[in-house]
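For reference, the chains in residue letters:
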Number of protein chains: 2
Amino acid sequence: MANIHQVAKHAGVSVATVSRVLNGQNSVTAKTRIKVEDAIKQLNYEPSLLGRNLRNSESRLLLVLIPNISNPFYSEIINGIENTAIDLNYNILLCETDTNPDRENIYFDLVRKKMADGIISMDPAVNVETLTKLGKTHAIIQCSEYAVDSGIPYVTIDNLEAAYRAVKHLIRIGHTRIALINSDQKYLYARQRQLGYQKALEEHGLHMDEELIFHTQGLGFEYGQQAMKKVLSQKQRPTAIFAVSDLLAIGALKEIHSHSLKVPEDIAVVGFDKIAFSNMTHPTLTTVAQPMYQMGTIAAKMLVDKIQGKEVESLILDHELVIRESTLG
Amino acid sequence: MANIHQVAKHAGVSVATVSRVLNGQNSVTAKTRIKVEDAIKQLNYEPSLLGRNLRNSESRLLLVLIPNISNPFYSEIINGIENTAIDLNYNILLCETDTNPDRENIYFDLVRKKMADGIISMDPAVNVETLTKLGKTHAIIQCSEYAVDSGIPYVTIDNLEAAYRAVKHLIRIGHTRIALINSDQKYLYARQRQLGYQKALEEHGLHMDEELIFHTQGLGFEYGQQAMKKVLSQKQRPTAIFAVSDLLAIGALKEIHSHSLKVPEDIAVVGFDKIAFSNMTHPTLTTVAQPMYQMGTIAAKMLVDKIQGKEVESLILDHELVIRESTLG
DNA sequence: ATGAAAGCGCTAACAC
DNA sequence: GTGTTAGCGCTTTCAT
């Protein structure tokens, strides 16, 4: 593997000139440029990013912290991040935290040790103090979930409003006994969506029955299924379910079916996120669409801006209620 | 941000000694070590990986090339890769190729330019020649899919045998008219699974009807749905479907339902991969379990071995037919 | 337009 | 056990 010195020697120029050619500076004669390019080709030279990055004090790597890679909600976001990163000549270091502080700390070290230029965090609650502190000295953006007073810019949607509209839809089509399948209250979105649920009920003079609120221990469908089991064991069964994620809603759907009940005839179901699979269930799932791809795109742009020292403002994106079969009739 | 020199100065020792402390060498007096550690703490020093990596001519990054991040089949594999990488003190650079040669080339450059120490490729067919060539000079492992004569080690399963068993199961429970929903034949696994399908039919003296073989243009469920539409438009409807992936099978399921047909009563369905969703469908999906997590684990180990110059052997892992509701009765 | 040389932050060979 | 120093491969300032 040749280095820049050998190229310079072979081309009969100085390393500075080679570097100029490499970086497309126009202060090089066409003739000299040709010589250098020939040498590069002949020696099969590839400039080392290790050298360049050290010199430039940057890694051109963005750390993406994601709780769980298997959750399809994040796939779309990552898509947006990656495409934007590529455009801006960055690459992403995808890191799964499993909501584990130790794990997250390993990844934080990458930015502390200059192996990453900044962080997009999607699970800031894991380690709020550390994140907040790190945010003072390093470029960080929060995406979807955010720690409110971390002072770190975020991009997200209005979860309260979105949940409010979802539940209002259920009320509008005649439901009065609506269960909430929520995840752990440690998540900001969980608290916000619950507030939206309450707001809708109150606004329509419906009694908010604590017995109709179920909290899951995890985010996978199996937890939706478990929760639904509890819902169905109630003496007075609700006629509708609002689940705070499609995954939970799909688990609920499964459980409803296994009791030979029909959706939406016996029970209507609304999910949240509009993951691809929500359109493949039987029946298809009414859900709240989040602009996942766009959110990723924006988070990446914000982060690169931040890295470059620009001012960055938090952003709240639009959502949309998508009515499908699970709430028909 | 302090550097090693400032730490050395502050501690009253040389940079070499600081480096020794940093790397846990035991040739340092306890007293000296303390001094250094104090200085590190006081200065809030974090060693730069940029410097270290340049010096060591390594990046400690593994490039993971994946066709599509939204496909849940890969999520589990990536999980295995990442956990193993962390254990071995590496990190992963996750890159989505979208089966696009240009895109892949951008990523190949990362390893050519020393920003990654090796590659785990999951879609080697995109760019076989380039990959083969790169494999001569760089550490590469193929995972799941592989280019047969690239000479690059791989870890996978026996796709022919797995498909053979899946179809045999359908035959055993009485089906004689079995359609194949296959993806593009450009994929090795698609060709291998089709051979397994044929083998099972032949072995039972069943006629292989070309009209029962359907090729999709893509891998998402919408393509399974499309294919199923064609299947159902046949004059003589098959009684069973073997789809080469769960995603396709789930799309097929959807289409079957929308024709008010019942699975497995009217049509039995078998998928492939055992993705998490395959247990959430209605009915649950009979499928072939691939050891995705283990495959990722092994691929990562193989790659690190290769990077360290060790000999690496290709590996074929076990699979398992998981019989669920979609083929009951 | 080009070259010489310093230096990014680190490790390790060598000397004591 | 510790220090001195070269050098990993690059970019950039300052000369010329």
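The name recorded for chain A in an unreviewed UniProt entry is Alanine racemase, from Sediminibacillus albus.

Caption draft 1: Focus on the protein's contact with DNA strand D. With respect to spatial proximity, 27 residues lie near DNA strand D, and among them A:Ile4, A:Tyr45, A:Arg55, B:Arg20 and B:Thr32 are the closest. Take A:Asn3: an N or O atom from its side chain is 3.5 Å from a phosphate oxygen of DNA strand D. Measuring from a phosphate oxygen of DNA strand D, one finds a side-chain N or O atom of A:Arg52 at 2.8 Å. Elements represented by at least two residues in the surface near DNA strand D include exactly α2 (15-22) and α4 (49-56) of chain A together with α2 (15-22) and α4 (49-56) of chain B. Taken together, the residues of the surface near DNA strand D break down into nine nonpolar, 12 polar and six charged.

Caption draft 2: Highlighting the protein's contact with DNA strand C. Taken together, 26 residues form the shell around DNA strand C, and within it A:Arg20, A:Thr29, A:Thr32, B:Tyr45 and B:Arg55 come nearest. Backbone sugar and phosphate groups make up 59% of those atoms of DNA strand C lying within 4 Å of the protein. At 2.8 Å, a backbone N or O of A:Ser14 approaches a phosphate oxygen of DNA strand C. Within the contact set of DNA strand C, a base oxygen lies 2.6 Å away from a side-chain nitrogen or oxygen of A:Arg20. Looking at the surface near DNA strand C, the elements with two or more residues in it are α2 and α4 of chain A together with α2 and α4 of chain B.

Caption draft 3: Main features of the relation of the copies chain A and chain B. Mapping chain A onto chain B leaves a residual RMSD of 0.0 Å; the transformation is a rotation of 180° accompanied by 0.0 Å of translation along its axis. The relationship between the two copies is best expressed as a two-fold rotation axis. The position closest to the rotation axis in chain A is occupied by the C-alpha of A:Leu93, lying 2.3 Å away. Looking at the interface residues of chain A, 95% of them are also at the interface in chain B, so both copies use one shared face.

Caption draft 4: Representation of the interface of chain A and chain B in the model. Counting residues at the interface gives 56 residues for chain A, matched by 54 residues for chain B. Roughly 4,900 Å² of surface becomes buried between chain A and chain B when both sides are summed, with 66% attributable to carbon and sulfur atoms. Remark: the boundary between chain A and chain B carries zero salt bridges. At the junction of chain A with chain B, the criterion picks out 11 residue pairs in polar contact (both at pLDDT 80 or more). Mapped by element, the contributors of at least two residues to the side of chain A that touches chain B are α4, α5 (72-87), β2 (91-96), α6 (101-112), α10 (221-232) and α11 (246-258) of chain A. No other element matches α5(A), which puts eight residues into the side of chain A that touches chain B. Of the residues in the side of chain A that touches chain B, the class split is 25 nonpolar, 18 polar and 13 charged.

Caption draft 5: A look at the sheet that holds strand β8 (residues 240-243) of chain B. Residue and element names in this part refer to chain B. Spatial ordering of the open sheet is given by β7-β6-β8-β9, a layout of four strands whose pairing is parallel. Strands at the two margins of the open sheet, each flanked by one partner only, are β7 (213-215) and β9 (268-270). Mean inter-strand twist for the sheet, computed between neighbouring axes without regard to direction, equals 15°. With four bridges connecting them, strand β6 (residues 178-182) and β8 associate as parallel partners. Across the sheet, the residue bridging to isoleucine 181 is alanine 243, located in β8. This element, helix α9 (residues 188-203), spans β6, β7 and β8 of the sheet and lies at about 170° to β6. Lying on the sheet, helix α11 (residues 246-258) is in contact with β6, β8 and β9; it crosses β9 at an angle near 160°.

Caption draft 6: Inspection of unusual backbone geometry at higher detail. Residues A:Val263 and A:Pro264 are joined by a peptide bond in cis, for which omega reads 5°. With respect to the secondary-structure elements, A:Pro264 resides in the loop between α11 and β9 (268-270). A cis amide bond links B:His282 with the next residue in sequence, B:Pro283, at an omega value of 0°. Here B:Pro283 shows up in the loop between β9 and β10 (287-289). Backbone geometry places A:Ser144, a non-glycine residue, at a positive phi of 75°. Despite not being glycine, B:Asn89 has its phi angle at roughly 65°, a positive value. Mapped onto the elements, B:Asn89 comes out in the loop between α5 (72-87) and β2 (91-96). For B:Asn89, a relative accessible area of 53% corresponds to the exposed category.

Caption draft 7: Up close: the sheet that holds β9(A). All names here are of chain A. Strand order in the open sheet formed by four strands is β7-β6-β8-β9, and the pairing between neighbours is parallel. In this open sheet, the two strands that pair with only one neighbour each are β7 (213-215) and β9. Ignoring which end each strand starts from, the neighbouring axes of this sheet average 15° apart. Across the face of the sheet, helix α9 (residues 188-203) comes into contact with β6 (178-182), β7 and β8 (240-243) while running at roughly 170° to β6. Contacts between α11 and the sheet are confined to β6, β8 and β9, with β9 contributing the most and set at about 160° to the helix.

Caption draft 8: Structural context of the packing of helix α1 (residues 4-11) of chain A against α2(A). Residue and element names in this part refer to chain A. Viewed as axis vectors pointing N to C, α1 and α2 meet at an angle of 105°, and their least axial separation amounts to 8 Å. For the element pair α1 / α2, the angle class is roughly perpendicular. Contacts between α1 and α2 involve Ile4, His5, Val7 and Ala8 on the former and, on the latter, Val15, Val18, Ser19 and Leu22. Considering only residue class, the contact of α1 with α2 consists of six nonpolar, two polar and no charged.

Caption draft 9: Representation of the side chain of A:Gln234 in the model. Residues and elements named next belong to chain A. With respect to the secondary-structure elements, glutamine 234 resides in the loop between α10 and β8. On the basis of relative accessible area, glutamine 234 is assigned to the buried category, the value being 14%. A distance of 3.2 Å separates a polar side-chain atom of glutamine 234 from the backbone oxygen of glutamate 211. Excluding residues within four positions of it along the chain, glutamine 234 makes contact with Arg177, Glu211, Leu212 and Phe214.

Caption draft 10: Representation of the packing of aromatic side chains. Residue and element names in this part refer to chain B. Applying the stated rule across the entire model yields 11 aromatic pairs over all chains. Ring geometry for tyrosine 146 versus tyrosine 154: centroids 3.8 Å apart, planes at 15°, classification stacked. For the pair shown, tyrosine 146 and tyrosine 154 are each scored as buried. Measuring from ring centre to ring centre gives 6.5 Å for phenylalanine 242 and phenylalanine 272, while their planes differ by 50°; the resulting arrangement is tilted. Residue phenylalanine 242 is located in strand β8, and its partner phenylalanine 272 is located in the loop between β9 and β10; the two are separated by 30 residues in the primary sequence. Note on accessibility: phenylalanine 242 and phenylalanine 272 belong to one class, buried. It is arginine 60 that lies over the ring of tyrosine 90; its NZ or CZ is 4.2 Å from the centre.

Thresholds applied
- Residues numbered from 1 in each chain as written.
- Chains lettered and ligands numbered in written order.
- Predicted model: local features only at pLDDT ≥ 70, side-chain atom pairs only at ≥ 80, totals over all residues.
- Heavy atoms only, no water.
- Near = heavy atom within 4 Å.
- Polar contact = N/O pair within 3.5 Å; in protein donor to acceptor, adjacent residues only side chain to side chain.
- Helix = DSSP H or I, 4+ residues; strand = E, 2+ residues; numbered from the N terminus.
- Nonpolar A, V, L, I, M, F, W, Y, C, P; charged D, E, K, R; others polar.
- Least-squares fit on C-alpha atoms with pLDDT ≥ 70 in both.
- Contact = heavy atoms within 4.5 Å.
- Buried area = accessible area lost by both parts, 1.4 Å probe.
- Salt bridge = Lys/Arg side-chain N within 4 Å of Asp/Glu carboxyl O.
- Pairing = 2+ DSSP bridges.
- Axes fitted to C-alpha atoms, helices over the stretch in contact; angles between N-to-C directions.
- Buried < 20%, exposed > 50% of the residue type's maximum accessible area, 1.4 Å probe, protein only.
- Parallel < 35°, antiparallel > 145°, perpendicular 65-115°, else oblique.
- Phe/Tyr/Trp six-rings, centres within 6.5 Å; stacked < 30°, edge-to-face > 60°.
- Lys NZ or Arg CZ within 6 Å of the ring centre and 35° of its normal.

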